[in-house]
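Structural characterization, general
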Amino acid sequence: MSALLFDTETTGSAKPQVIEAAWLRLSDPVFLLVNEEFEQRYRPDEPNTLGALATHHIYDEELQDCPSHTEFKLPADTQYIIGHNVDYDWGVAAYPAVKRICTLALARHLIPGLDSYSQSALIYHIDRANARERLRHAHSALADVRNCLSLLQHLLGLTQNIHTWEQLWQLSEHARIPTTLHFGKHKGMAIADVPQDYKNWLLRQPDLDPYLIKALKV
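For clarity, every value in this text was computed on a predicted model and none was experimentally measured. (Residues numbered from 1 in each chain as written. Predicted model: local features only at pLDDT ≥ 70, side-chain atom pairs only at ≥ 80, totals over all residues. Heavy atoms only, no water.)

**Points about the layout of surface pockets**
Here is the rule we go by: Think of a 1 Å grid over the protein atoms and nothing else: a 1.4 Å probe that fits but is trapped marks a cavity, an open set flanked by protein within 12 Å on at least five of seven lines marks a pocket, and residues with an atom within 4 Å of a point count as lining. Grid points are joined across faces, edges and corners, and a volume is the space filled by probe spheres set on the points. Only runs of H or I of at least four residues qualify as helices and only runs of E of at least two qualify as strands under DSSP, and these elements are numbered from the N terminus. We call Asp, Glu, Lys and Arg charged. Ala, Val, Leu, Ile, Met, Phe, Trp, Tyr, Cys and Pro are nonpolar, and the rest, Gly among them, are polar.
The calculated volume of the largest pocket comes to roughly 800 Å³. Listing elements by their share of the lining of the largest pocket, those giving two or more residues are α2 (86–92), α3 (103–110), α7 (165–175) and α9 (210–217). Take the lining of the largest pocket: its biggest share by element is four residues, from α3. For the lining of the largest pocket, the class distribution of residues is 14 nonpolar, six polar and four charged. Taken as a whole, the second largest pocket spans an internal volume of roughly 560 Å³. At the level of elements, β1 (3–10), α1 (50–56), α2, α4 (119–126) and α6 (141–157) are the ones that each hand at least two residues to the lining of the second largest pocket.

Right under this line is the structure:
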């Protein structure tokens with residue numbers, strides 16, 4: 001089965017266009033051998049927002065001779081994509097029919113109690129001695145997927161009996177179902193303890209996270 005550890009840099013959070021993509025094609029979740037490495041920059045139709053520039057530091061003029069962002073696509077044989085907050089990059093890739101494994105959800109599930117679950121914060125958690133140097137090029141897509149690979153290795157070391165991507169995807173799907181609310185007047189409360197009338201109100205809201213819907217309906 002083909003699994004890619006995948007990351008993008010984009011023009012901004014509103015209607016993002018890819019300007020840099022990188023992936024590592026991984027062998028399996030047991031050995032995590034890198035069978036292929038890819039990195040490419042792309043030319044967007046819209047300029048980078050200032051917020052995006054402050055994140056990835058890629059100037060618009062550096063992209064003028066790159067392929068158009070419309071040429072970007074994942075390899076046709078991709079079955080799983082892995083990433084930190086993977087849904088964002090899945091959306092940038094135009095929502096391909098692949099299964100998504102989210103290291104953010106897995107980290108929250110397997111390493112409870114941290115004050116931050118950004119990828120950079122987690123690198124400080126798992127490799128404090130080397131984190132500052134490792135994060136020097138953070139928000140370069142290739143640097144980010146390499147750091148995410150280290151995070152994935154650590155997370156797999158906290159699990160048992162994960163031998164296939166399908167098993168890891170199932171664990172990720174379980175981890176993505178929240179157990180506490182992260183917003184609103186009941187923020188921080190266990191979902192099981194949230195008043196039923198508030199649950200009913202949430203379920204009537206548009207664009208609610210489908211994983212939160214699952215949690216509310218239990």
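**Remarks on the pattern of salt bridges**
Definition in use: By definition here, a salt bridge exists when the distance from a side-chain nitrogen of Lys or Arg to a carboxyl oxygen of Asp or Glu is within 4 Å. When accessible area is computed with a 1.4 Å probe and restricted to protein chains, residues below 20% of their type maximum are described as buried, those above 50% as exposed, and intermediate ones as partly exposed.
Under the counting rule described, the total for this entry stands at ten salt bridges. Between Lys99 and Glu166 there is a salt bridge, and its shortest N-O distance comes to 3.0 Å. Here Glu166 lies in helix α7 and Lys99 lies in strand β5 (residues 99–102), a separation of 67 residues in the sequence. By relative accessible area, Lys99 is classed as partly exposed at 30%. A salt bridge links Glu133 to Arg136; the nearest nitrogen and oxygen atoms lie 3.0 Å apart. Of the two residues, Glu133 and Arg136, neither departs from the other in class, the shared state being exposed. Among the charged side chains, a network of salt bridges with common partners joins Glu20, Arg41 and Glu62.

**Examining the packing of aromatic side chains**
Where we set the bar: Pairing of aromatic side chains here covers Phe, Tyr and the six-membered ring of Trp, requires ring centres within 6.5 Å, and sorts the geometry by plane angle: under 30 degrees stacked, over 60 edge-to-face, intermediate tilted. Both a distance and an angle decide whether a charge sits over a ring: NZ of Lys or CZ of Arg must be within 6 Å of the ring centre and within 35 degrees of the ring normal.
Following the criterion strictly, the structure yields five aromatic pairs and no others. Plain terms: the ring middles of Phe6 and Phe72 are 6.0 Å apart, the flat faces sit at 5 degrees to each other, and that makes the pair stacked. Note that Phe6 is positioned in strand β1 and Phe72 in the loop between α1 and β4 (80–83), a separation of 66 residues in sequence. On the accessibility criterion, Phe6 (2% relative accessible area) is buried. Among the residues examined, Phe72 registers a relative accessible area of 9% and is labelled buried. Ring centres 4.9 Å apart and planes at 90 degrees place the aromatic pair Trp90 and Tyr95 in the edge-to-face group. Here Trp90 falls in the buried class, since its relative accessible area comes to 18%. By the ring-pair criterion, three or more aromatic residues cluster together here, those being Phe6, Tyr42 and Phe72. When the ring centre of Trp169 is taken as origin, the NZ or CZ atom of Lys99, which lies over that ring, is 4.2 Å away.

Shape is all these values report; function is a separate question.
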